Amino acid sequence: MQLHHSPNPTQFTPIPTPCGCPHPCSCWGSPEQLLHSPTAGVWRTQSLLPGSPAHLSACNPPGARRGSHPCTQPTSAAPGPGAHRTPRLLPPAAPPQRRGGRLGPPALCQRGRAPHLGYPEQGLAGGGGPGGDAGPDGRGAPRAPALTDGGDDRDGEVEGAGELPLPAGSVGLGLQHQALQLPVIVGGEAVLPPQLPALLLQQPLAAALRLRLQRIEDGGAHQQVELHLHLDGAIRPETILYYGKKRGIPLPGDTVEELLKHVSYNTPLSLPEFLEKFNHYMPAIAGDREAVRRIAYELVETKAKEGVAYVEIRYSPHLLANCSVSPIPWGQAEGDLTPDEVVHLVNQGLQDGERDFHIKARSILCCMRHMPSWSPEVVELCKKYRNNTVVAIDLAGDESLKVEDTSGHKEAYEEAVRCGIHRTVHAGEAGPPAMIKEAVYLLKTERIGHGYHVLEDPELYKELLRTKMHFEVCPWSSYLTGACLPDFRKHPAVQFRKDRANYSINTDDPLIFNSSIDTDYGITKDYMGFTDEDFKRVNINAAQSSFLPEKEKQELLNMLYEAYGMVPNAS
Ligand SMILES: O=c1[nH]cnc2c1ncn2[C@H]1C[C@H](O)[C@@H](CO)O1
């Protein structure tokens, strides 16, 4: 990626990379050009086909030694012109993107632990989720019993999974990933091998890039709706490194790879352990106006490239501020960025992204479980910015925390109801069904973030099926936070599918889970037997349960119907 700067938004002139390296893309981690227009105040990125003349010239400016960095090598993996132009709904079971490359000279990025700390450290012992029932693996993932609906599937068998065309002796990961074949026991239980995530991460960079480029070439193929995505869990590692270096904030690595070693992971932790990951990198972003606006913009770009048509992006304004917030998060010194201005900046980034990448992005403001005193301001910000990208309020964080006085959350949600602000709540992710009851009956939530453990209370589940409560399901996240058992065949989404519940498929925190929307669709396809028809239904349900105003919702639905070749009003 090459950084350009120009006072004239239409003319960009290259400026040297921070390290002076003659191969800019090796500094920025991927063959993309980052364009910044200070006058328009926007960032743009432009992807370069690996090995293309534009890429080689960007990475080999006159006088530079040619071909001395791997990213300057033409790759046969690059798609030819016109390749993969067919829009498609069902992605291959795409592994998480593996990113490499370095940013700036190591000497300028200090190693070391990030200073304190938005989330308490848990130690390594792991903790059962709230509700106590540690799963058999001790990670607090109580087994979710299947609803006794009188069907034949009470044993949790994956309906349709047997129809997957599994070659004997292996599980293919789609055409693009034929090199990666996973062992499977023929005639035995086709359980996701525990080593799968590690194997998934062996995805070569070239293939990941190919997938992204294919998405771009697909152009208008925006067919997915994502409702549960954390802005601060979806920051590009390159951007974290850039601001860490620019602001002199120590990070636990000075290359993407080193940073990701600390920030992302691929074997389950507990939910509180997962939340600790934010401590490593949030100090580099929080409190910086440009960074806050940029991460919002970049996330819209990422989602557009993934083929998402509409996304609801959530975050805590307080966790990105360094002023008018108590305590000031991440051990920052006091500055002058208030939660209110954070919302304004995120709005700008989202709107710039919408304009440049032609998808729709809205935001949800999070209350945090451990900070009820912030919640009244969160709902006020929802009210203030309700016509300006903000569509709802959320309650996120560690469900297992025993917080003495949660009246701040309750009052905020009461005010949200009173003012017609839409509501979602993280509940029943690692926590018990009682948390879902609280969300539904006390906080009057309209959607549930995760909600997997609803299956442990058949009465409640039946009632929520009846009322068509929407569950924001995040399959890969649920594995990595220990919220669900590692056997995806027994995942709550399997039961939801069978019961034709109302749910969506989402990424949650793709930075930390080193994933993309393809990861989650790939898991549901390959290990839960989801078909194209299921994905259509999932996305139509997601659009219907989105927090868009009615007219815009209908427009989104019509777009999906058209993309899916369906007659409007069919489901
Ligand atoms: O999966 C999650 N469960 C509960 N809280 C979460 C999850 N992912 C992110 N968060 C928290 C951490 C972020 O700082 C916060 C706002 O996005 O929400």
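Residues numbered from 1 in each chain as written. Predicted model: local features only at pLDDT ≥ 70, side-chain atom pairs only at ≥ 80, totals over all residues. Heavy atoms only, no water.

A. The arrangement of the overall build of the chain in detail. Looking only at helices and strands, one finds 19 helices and 12 strands in the chain. Counting the 571 residues in the chain, one finds 61% classified as buried. Restricting to contacts in the chain with at least 6 residues of sequence separation, those with at least 24 account for 74%. Carbon and sulfur atoms make up 54% of the accessible area of the chain, which totals about 21500 Å². (Helix = DSSP H or I, 4+ residues; strand = E, 2+ residues; numbered from the N terminus. Buried < 20%, exposed > 50% of the residue type's maximum accessible area, 1.4 Å probe, protein only. Contact = heavy atoms within 4.5 Å. Areas by Shrake-Rupley, 256 points an atom, 1.4 Å probe, with all protein chains shown as cover.)

B. Expanded view of helix α9 (residues 289–306). Look at α9: 26 Å from first C-alpha to last across 18 residues, which is about the 26 Å you get at 1.5 Å a residue. When you tally the buried positions in α9, you get 15 out of 18 residues, the bulk of the element. By the N-cap criterion, in which a side-chain oxygen at the helix start approaches the backbone nitrogen of a residue two or three places on, α9 is capped by D288, the distance to E290 being 3.1 Å. Just downstream of α9, G307 is the residue with a positive phi angle, here 95°. (Expected span 1.5 Å × (residues − 1). Polar contact = N/O pair within 3.5 Å; in protein donor to acceptor, adjacent residues only side chain to side chain.)

C. Highlighting the packing of aromatic side chains. On inspection of all chains with the given rule, the structure shows 14 aromatic pairs. Summarising the aromatic geometry, the rings of Y297 and F357 are spaced 5.3 Å apart at their centres and angled 50° between planes, so their arrangement reads as tilted. Pair noted here: Y297 is in helix α9 and F357 is in helix α10 (residues 339–357), with a separation of 60 residues, a long-range link. Exposure remark for Y297: the relative accessible area of 3% places this residue in the buried category. The interplanar angle of 25° and the centroid separation of 4.8 Å between the aromatic rings of F471 and F496 together place this pair among those described as stacked. Of this pair, F471 sits in strand β11 (residues 470–473) while F496 sits in helix α16 (residues 492–498), and the two are 25 residues apart along the sequence. (Phe/Tyr/Trp six-rings, centres within 6.5 Å; stacked < 30°, edge-to-face > 60°.)

D. View of the environment of K277. Looking at where K277 falls in the secondary structure, it is placed in the loop between α7 (271–276) and α8 (278–285). Since its relative accessible area comes to 13%, K277 is described here as buried. Once the C-alpha coordinates of K277 and G233 are considered, the two residues, 44 residues apart in sequence, prove to be 9.3 Å apart. A distance of 3.0 Å separates a polar side-chain atom of K277 from the backbone oxygen of H262.

E. Structural context of the site of the ligand. Within the structure, the ligand sits among 18 residues, and H230, D232, E429, D508 and D509 are positioned closest to it. Residue H230 places a side-chain N or O atom 2.7 Å away from an oxygen atom belonging to the ligand. Out of a free accessible area of 400 Å², the ligand has 100% covered by protein chains. Top contributing element to the shell around the ligand by residue count: α7, with 3 residues. (Near = heavy atom within 4 Å.)

F. Region of interest: the pairing of strand β7 (residues 360–368). Burial runs high along β7: 8 of the 9 residues are buried. Bridging between strand β6 (residues 308–315) and β7 involves 6 bridges; their strand directions are parallel. Residue I313 lies in a different strand from β7, and its bridge partner there is S363. Following the backbone out of β6, through α10 and into the adjacent parallel β7, one traces a crossover that is right-handed. Across 6 bridges, β7 lies against strand β8 (residues 390–396) in parallel orientation. If you follow I364 over to β8, its bridge partner there is A392. The parallel pair β7 and β8, bridged by helix α11 (residues 375–384), forms a crossover whose chirality is right-handed. (Pairing = 2+ DSSP bridges. Right-handed = clockwise from strand over helix to strand, strands pointing away.)

G. Region of interest: helix α12 (residues 407–419). With 13 residues, α12 ought to run about 18 Å at 1.5 Å a step, and its terminal C-alpha atoms sit 18 Å apart, in line with that. Inspection of α12 places G408, H409, A412, Y413, E415, A416 and C419 among the buried residues, and these make up the whole buried set. Along the long axis of α12, the arc covered by the buried residues comes to 160°, so they all point the same way. Against β7, α11, β8 and β9 (422–427) lie the buried residues of α12. Of the residues one or two after α12, G420 is the one with positive phi, at around 70°. (Arc of directions from axis to C-beta.)

H. Spotlight on the packing of helix α5 (residues 237–247) against α8. One can describe the packing of α5 onto α8 by two numbers: an axis separation of 8 Å at closest approach and a directional angle of 60°. One way to sum up the angle between α5 and α8 is to call them oblique. Between α5 and α8 lies a crossing whose hand is left-handed. Contact residues: T239, I240, Y243, G244 and R247 in α5; Y281, P283, A284 and I285 in α8. Classifying every residue of the contact of α5 with α8 by side-chain character gives 6 nonpolar, 2 polar and 1 charged. (Axes fitted to C-alpha atoms, helices over the stretch in contact; angles between N-to-C directions. Parallel < 35°, antiparallel > 145°, perpendicular 65-115°, else oblique. Left-handed = near helix turned anticlockwise from the far one by under 90°. Nonpolar A, V, L, I, M, F, W, Y, C, P; charged D, E, K, R; others polar.)

I. Representation of the nonpolar core. Within the largest apolar cluster, 111 residues are counted, with the highest numbers of intra-cluster contacts made by Y281 and I393. In terms of residues, this core owes the most to one element, α9, which gives 8 residues. Of all hydrophobic cores here, the second largest spans 14 residues; its members include V225, L227, A542 and L557. (Core = buried A, V, L, I, M, F, W, Y, C linked by side-chain atoms within 4.5 Å.)

J. Geometry of the pairing of β9. Counting buried positions over the 6 residues of β9 gives 5, a clear majority of the element. Sheet topology note: the β8/β9 ladder contains 2 bridges and is parallel. Residue A392 lies in a different strand from β9, and its bridge partner there is H422. Handedness of the crossover joining β8 and β9 through α12 is recorded here as right-handed.

K. Region of interest: the environment of E552. Note that E552 resides in helix α19 (residues 550–563). Along the backbone, E552 and K360 are 192 residues apart, and their C-alpha atoms lie at a distance of 9.9 Å. If we ignore the near neighbours within four places in the chain, the residues touching E552 are K360 and R362. At 2.6 Å, the side chain of E552 and the side chain of K360 are in polar contact.

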